[in-house]
Amino acid sequence: MSMRRRSFLRASSSATSCWTYSGDRLCWRRKISASAAAESVGAATGSLTAHSQYAAVFDLFTDAHINGTQYSWFPSIFYLAYLLAEYPWSYLAQKTQLAKVAGVCIMMWGSVLMLTAASHDFIGMTVCGFLLGVFEAPITTFFVMIVAICTISARRFSVDEKAALIGRARLARTGVISHKIRLYQIWEALLDPQIHLLFLFMLLNATINGCVANFGKLIIKGVVSDPFKTVLLGIPQGAFSVFWILSGTFLASRFKNVNTLVMPLYLVPTVVGVLMMWLMDRKAQAVGVLFGYYLCGSFVASLVLCMQMPAMNIGGYTKRMTGTAAVFLAICVGNIVGLHAFLDEEAPTYATGCKVILGCCAGQLVVAMMLRWLLISRNKQRDAMAEDSVSATAKMGEIDAAVVEVTDQTDFENLKFRYVR
């Protein structure tokens with residue numbers, strides 16, 4: 001090993017033990033948070049197909065000569081393209097650079113979105129929707145990965161700050177960024193029950209999203225006839241979504257190992273809200289229907305926490321990329337399924353769609369408890385094995401131990417890895 005690498009590892013090893021007491025800790029932690037937040041918000045500003053549901057309120061069906069079934073296919077085509085393009089983009093990004101690929105995709109996405117305004121029929125809007133899905137496919141995955149690697153390669157960080165970030169990576173034991181594709185890590189990810197459960201949870205959650213996100217405004221339109229009032233009454237739902245996400249992530253970060261408890265907890269308002277939208281009279285109890293719509297968005301907090309799980313609980317860069325891609329694969333499939341659960345002839349109550357949402361909530365509760373049991377069991381097994389490995393670890397030098405912790409090992413290979421549950 002080169003002297004330069006040994007020196008850097010020694011610095012990161014020192015940073016691991018002293019970072020919490022550093023007077024500059026707050027400064028560079030703010031720098032990390034500001035960078036990640038600015039990048040994520042910028043990418044999320046144009047996220048997904050929210051524009052289509054607003055268009056549906058403003059006479060899209062008449063102007064584009066489409067019906068409710070064709071409207072359901074617009075987001076379906078989007079997510080199908082998202083599904084097909086996601087892993088190729090991820091592969092390209094790992095072989096090149098995340099930031100460059102993300103930047104090109106964002107610019108192309110914006111260009112296609114502007115061209116969508118020129119579409120006046122089903123075919124034109126379908127083509128634009130497909131291209132939007134292709135260019136949006138890698139964005140969320142990339143920013144999840146960028147946050148996961150703490151932007152260690154960014155020029156805005158000094159050598160000392162990078163050493164401290166490496167030290168934090170050692171504490172997390174999730175590995176560091178690697179441009180080498182390790183096929184065994186892909187295979188390991190495909191066989192990992194944790195990823196299977198995360199996939200299933202996200203599949204059910206995304207099915208709810210497909211129902212609510214694309215038909216929510218049409219549900220409101222069943223309460224009021226004016227399209228401008230429909231948009232106006234939809235604004236509080238966004239504020240509620242912010243509250244659900246911020247409060248859910250606060251609870252998950254404030255209390256240790258409660259992620260898999262908060263995830264099903266935030267499905268309870270969704271269940272209550274859906275029942276209110278389904279069972280209340282659209283005219284006599286319009287306020288109750290609207291409040292039910294605002295409540296049903298709480299599932300987004302569960303979605304956000306599930307999206308974070310691969311970054312926290314999967315070691316090995318290729319395995320983590322594969323696990324993250326699997327989660328977003330579930331998002332695509334779930335949204336497609338959810339879109340077709342709302343039947344045009346059942347407007348404005350959409351009884352079948354409401355039943356699907358309730359079933360998905362029940363399924364997520366079961367999956368979350370299974371995931372929690374799995375992660376607790378794995379941690380207990382590793383704790384029991386820890387005593388046997390103490391003597392072997394003691395024989396390793398400080399630098400050799402640091403090398404093990406910052407190399408690209410999976411969570412299966414690194415027995416010091418502990419799962420957040």
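This text goes with the structure placed above it.
Here's a quick rundown of the structure. Just so it is clear, the model here is predicted, and its values are computed rather than measured. Counting restarts for each chain, with residues numbered from 1 along the sequence as it is written. Only residues with pLDDT of at least 70 get local features here, since the model is predicted, and only at 80 or more are side-chain atom pairs given and counted; chain-wide, interface and lining totals rely on the full set of residues. Working from all heavy atoms in the structure, the side-chain values ignore hydrogens and water.

**Quick look at the nonpolar core**
Stated precisely, the cut-off is as follows: As used here, the term nonpolar core means buried Ala, Val, Leu, Ile, Met, Phe, Trp, Tyr and Cys residues forming a set that is joined through side-chain atoms within 4.5 Å. Burial here depends on accessible area, computed with a 1.4 Å probe over protein chains only, as a share of the maximum for the residue type. Under 20% is buried, over 50% is exposed, and the range in between is partly exposed. The numbering of helices and of strands both runs from the N terminus, where a helix is a DSSP run of H or I of at least 4 residues and a strand a run of E of at least 2.
Ranked by internal contacts, the top residues of the largest apolar core, which has 89 residues, are Trp89, Met202, Phe342 and Ile357. In terms of residues, this core owes the most to one element, helix 11 (residues 193–221), which gives 14 residues.

**Some thoughts on the environment of phenylalanine 201**
We apply this condition: Whether two residues are in contact is decided by their heavy atoms, any of which lying within 4.5 Å being enough.
When you line up the elements, phenylalanine 201 lands in helix 11. Separated by 163 residues in the primary sequence, phenylalanine 201 and glutamine 364 have C-alpha atoms spaced 5.5 Å apart. Excluding its chain neighbours within four sequence positions, the residues that come into contact with phenylalanine 201 are Met263, Ser302, Cys306, Gln364, Val367 and Ala368.

**Remarks on the packing of helix 6 (residues 98–116) against helix 7 (residues 122–136)**
Applied cut-off: Here an axis means a line fitted to C-alpha atoms, over the contact stretch when the element is a helix, while the angle between two N-to-C directions is reported on a 0 to 180 degree scale. For classification purposes, angles smaller than 35 degrees are called roughly parallel, those larger than 145 roughly antiparallel, those between 65 and 115 roughly perpendicular, and all remaining angles oblique. We call a crossing left-handed when the near helix sits turned anticlockwise from the far one by less than a right angle, and right-handed when that turn is clockwise.
Closest axis-to-axis distance for the helix 6/helix 7 pair is 8 Å, and the angle between their directions is 165°. Looking at the two axes, helix 6 sits roughly antiparallel to helix 7. Read as a crossing pair, helix 6 and helix 7 show a hand that is left-handed. Residues Cys105, Met108, Trp109, Val112, Leu113, Leu115 and Thr116 of helix 6 lie in contact with helix 7, whose contacting residues are Cys128, Leu131, Leu132, Phe135 and Glu136.

**Digging into a nonpolar patch on the surface**
Threshold: Candidates for patches are residues over 30% relative accessible area with no salt bridge; among them, like charges are joined within 9 Å and nonpolar side chains (Val, Leu, Ile, Met, Phe, Trp, Tyr) within 5 Å. Each accessible area is a Shrake-Rupley result for a 1.4 Å probe, and residues are judged covered by the shown protein chains and nothing else. By definition here, a salt bridge exists when the distance from a side-chain nitrogen of Lys or Arg to a carboxyl oxygen of Asp or Glu is within 4 Å.
Where nonpolar side chains cluster on the molecular surface, the patch consists of Leu80, Leu84, Ile123, Val127, Phe130 and Leu131 and spans about 530 Å² of accessible area. Every element with two or more residues in the nonpolar patch is listed here: helix 5 (68–95) and helix 7. The residue valine 127 is located in helix 7 in this model.

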